[in-house]
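Here are the chains, one letter per residue:
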Amino acid sequence: MTQIKHIILVLSGKGGVGKSSIAVNLAVWLSMNEKKVGLLDVDIHGPSTPNLLNLQNQKLTGKDNKILPVEYSDSLKLISVAFMLQNEDNALIWRGPMKHNVIKQFITDVEWGLLDFLIIDCPPGTGDEPLSVVQLLQETKNQKQPDKSQPDNLDGAVVVTTPQKLSLIDVRKCITFCRQLNLPVIGVIENMSGFVCPNCGEKTDILKSGGGKNMAAQMNVPFLGTIPIDQKFAQACDEGKPFIYHYQQEPTAKAFNQVFNQIIEPEKSGKNEQKLNSNTKETNTMRIAIPLTEGKLSLHFGHCQQFAIIDADTESKEIKNQQLEQPPSHQPGVLPKWLSELNVQVIIAGGMGQRAQDLFTENNIDVIIGAPDSTPENLVKEYLAGQLKTGQNICDH
Ligand code: ADP
């Protein structure tokens, strides 16, 4: 790992958002830009990088007690958990310690040689497996630099999301996870953001785009850009052809170029984001609104008596200021505008009609629905810790 100049993790809050395909295309793009690149696929339950590079029949080899990566080209090498499977239909059915051990071996025992970049396709979510990856990377390097909390070559994480609300909720947890582990967030990519018709060129927001950008602003992390849903991209993935290489003239390849350029531009990297955060304290503050009835969350947002407006520090997770506000009389569209004027960034609600949710989104306010009827302080603390349990939206109007 000490022979590697930059390590970038690719994370996502959930599976199926395009994390692996983006990791592969980022690795190929870097190699096309004359960098020496390694791609480490430790997505234990869905290792798909060999398929994405048409290397599915390869097996791992070793030399001098080290694992040798499979060579895709002169400048791109790959290690994947999939190379350990006898058959691609087999699943890895391993208990926690075995998974941890294989992740450890892949992080400590691979002979990569000199690399400019190591891209790590991590397991999705914020559970034990991504935790093992981050902690092992931090430990491995820190043995040599015990006085440092963060290895110099660990640039940080790129977080992939799709525009749907559920994906965005999970990606917030992912960002909180990085912060808890002191891992810089290089930025967020919103994948599957709109569909451009190949015939007429018109863009349709099948999954309502824009949520990733708002979420990134609220969580105070860089937004790297959007990638549309593209049939050719899906087809290239299925055929094991890196899209960024084979379809360089396509508009989606240009979108990838813009996103990837930002990842490697140091002034936009997560390391700077961290410095920015520590220099400008006020950027850590998030304003959250909670509709209340008798001091607890009102399950029907439109019928609440008061709003708790809470300013919380997203780093220390502490409540810095709390006030109660009387809402204007309830009429459609009034509350989103009023809360937007109060600079609210997030509303935590029980039930809320779809129209109201849309109006909040239009006013750049993120909506969390299905929260329990707890006190505002508890809800904010759980939310900041990424532990807010949201259930059904009980509002039917
Ligand atoms: P993850 O690693 O998050 O589980 P994958 O990268 O395996 O997700 O992608 C899941 C599927 O979605 C793949 O079949 C991939 O080809 C497809 N896909 C991902 N992004 C796009 C996109 N922008 N347009 C079309 N298909 C996509």
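Higher on the page you've got the structure.
Procedures and definitions
- Residues numbered from 1 in each chain as written.
- Predicted model: local features only at pLDDT ≥ 70, side-chain atom pairs only at ≥ 80, totals over all residues.
- Heavy atoms only, no water.
- Helix = DSSP H or I, 4+ residues; strand = E, 2+ residues; numbered from the N terminus.
- Contact = heavy atoms within 4.5 Å.
- Areas by Shrake-Rupley, 256 points an atom, 1.4 Å probe, with all protein chains shown as cover.
- Disulfide = S-S within 2.5 Å.
- Axes fitted to C-alpha atoms, helices over the stretch in contact; angles between N-to-C directions.
- Left-handed = near helix turned anticlockwise from the far one by under 90°.
- Nonpolar A, V, L, I, M, F, W, Y, C, P; charged D, E, K, R; others polar.
- Polar contact = N/O pair within 3.5 Å; in protein donor to acceptor, adjacent residues only side chain to side chain.
- Near = heavy atom within 4 Å.
- Salt bridge = Lys/Arg side-chain N within 4 Å of Asp/Glu carboxyl O.
- Buried < 20%, exposed > 50% of the residue type's maximum accessible area, 1.4 Å probe, protein only.
- Arc of directions from axis to C-beta.
- Phe/Tyr/Trp six-rings, centres within 6.5 Å; stacked < 30°, edge-to-face > 60°.
- Pairing = 2+ DSSP bridges.
- Core = buried A, V, L, I, M, F, W, Y, C linked by side-chain atoms within 4.5 Å.
- Domains from an automatic or database assignment.

**Comments concerning the overall build of the protein**
- Secondary structure assignment for the protein yields 13 helices and 17 strands.
- Expressed as a percentage of contacts within the protein between residues at least 6 apart in sequence, the contacts between residues at least 24 apart total 69%.
- For the protein, the accessible surface area stands at approximately 18,400 Å², while carbon and sulfur atoms represent 48% of it.

**Some remarks on the state of the cysteines**
- The final tally for this structure, using the stated rule, is zero disulfides.
- The closest cysteine sulfur to the non-disulfide-bonded Cys122 is located on Cys174, 8.9 Å from its own sulfur.

**Observations concerning the packing of helix α5 (residues 165-180) against helix α6 (residues 211-219)**
- At a minimum axis distance of 11 Å, the contact between α5 and α6 shows a crossing angle of 30 degrees. In the packing of α5 onto α6, the handedness of the crossing is right-handed. For the pair α5 and α6, the contacting residues are Leu168, Val171, Arg172, Ile175, Thr176 and Arg179 in the first and Gly211, Gly212, Met215, Gln218 and Met219 in the second.
- Tallied by class, the residues present in the contact of α5 with α6 amount to five nonpolar, four polar and two charged.

**What about the side chain of Asp313?**
- As for its position among the elements, Asp313 is in strand β14 (residues 306-313).
- Separated by 3.1 Å, the side chain of Asp313 and the backbone nitrogen of Ser316 make a polar contact.

**Some remarks on the site of the ligand**
- Close contacts around the ligand come from 16 residues, with Gly16, Ser20, Ser21, Asn191 and Pro228 the closest.
- In this structure, Pro228 approaches the ligand through a main-chain N or O atom, which is 2.9 Å from a nitrogen atom.
- Note that a nitrogen atom of the ligand is positioned 3.0 Å from one of the backbone N or O atoms of Asp230.
- Among the elements of the structure, α1 (19-32), β9 (185-196), β11 (223-229) and α7 (231-239) are those that each provide at least two residues to the shell around the ligand.
- Of the residues in the shell around the ligand, the class split is eight nonpolar, six polar and two charged.

**Some thoughts on the pattern of salt bridges**
- Applying the stated criterion to the full structure yields 12 salt bridges.
- In this structure, the salt-bridge partner of Lys241 is Glu239, at a minimum N-O distance of 3.5 Å.
- Exposure remark for Lys241: the relative accessible area of 33% places this residue in the partly exposed category.
- Judged by relative accessible area, Glu239 falls into the partly exposed class, the value being 36%.
- Connected through shared salt-bridge partners, Lys14, Asp170 and Lys173 make up one network.

**Focus: α7**
- Within the span of α7, buried status applies to Phe233, Ala236 and Cys237. Angular distribution of buried residues about the axis of α7 spans 100 degrees; they occupy a single face of the element. Exposed and oriented more than 90 degrees from the buried face of α7 are Gln231 and Asp238.
- Against α1, α2 (49-52), α8 (243-246) and α9 (251-264) lie the buried residues of α7.

**Section: the packing of aromatic side chains**
- Tallied over the full model, the rule gives seven aromatic pairs.
- Arranged with centres 5.2 Å apart and planes meeting at 20 degrees, the rings of Phe243 and Tyr247 form a pair that is stacked.
- Put simply, the rings of Trp29, Phe233, Phe243, Tyr247, Phe256 and Phe260 pair up and form one aromatic cluster.

**Some points on the pairing of strand β12 (residues 285-293)**
- By the bridge criterion, eight bridges tie β12 to β14 in an arrangement that is antiparallel. Each residue of the ladder has a partner; that of Met286, found in β14, is Ala312.
- Where β12 and strand β16 (residues 346-348) come together, two bridges link them in parallel fashion. If you follow Ile288 over to β16, its bridge partner there is Val346.
- The sheet contact formed by β12 and strand β13 (residues 296-297) spans two bridges and is antiparallel. Looking across to β13, one finds that Leu292 is bridged to Leu297.
- Linkage of β12 to β13, two consecutive antiparallel strands, is achieved through a turn of two residues, within which Glu294 is found at a positive phi near 50 degrees.

**Considerations on the pairing of strand β5 (residues 70-73)**
- One ladder, built from three bridges, connects β5 with strand β6 (residues 76-80); its direction is antiparallel. Residue pairing in the sheet places Val70 in a bridge with Leu78 of β6.
- Connecting β5 to the antiparallel partner β6 that follows it, the hairpin turn spans two residues.

**Thoughts on the nonpolar core**
- By size, the foremost hydrophobic cluster in this structure holds 58 residues, and its most contacted members are Leu9, Leu40, Ile120, Val133, Ile290, Ile348 and Tyr383.
- For this core, the element with the highest residue contribution is α5, accounting for six residues.
- A domain-level breakdown of this core finds at least three residues from each of domain 1 (4-282) and domain 2 (284-384).
- Every residue in contact with Leu9, bar those within four places of it in the chain, is listed here: Ile120, Cys122, Val133, Val134, Leu137, Leu154, Gly156, Ala157, Val158 and Leu183.
- Listed in part, the 39 residues of the second largest apolar core include Ala23, Val24, Ala253 and Val259.

Keep in mind that these numbers describe shape and distance, not what the molecule does.
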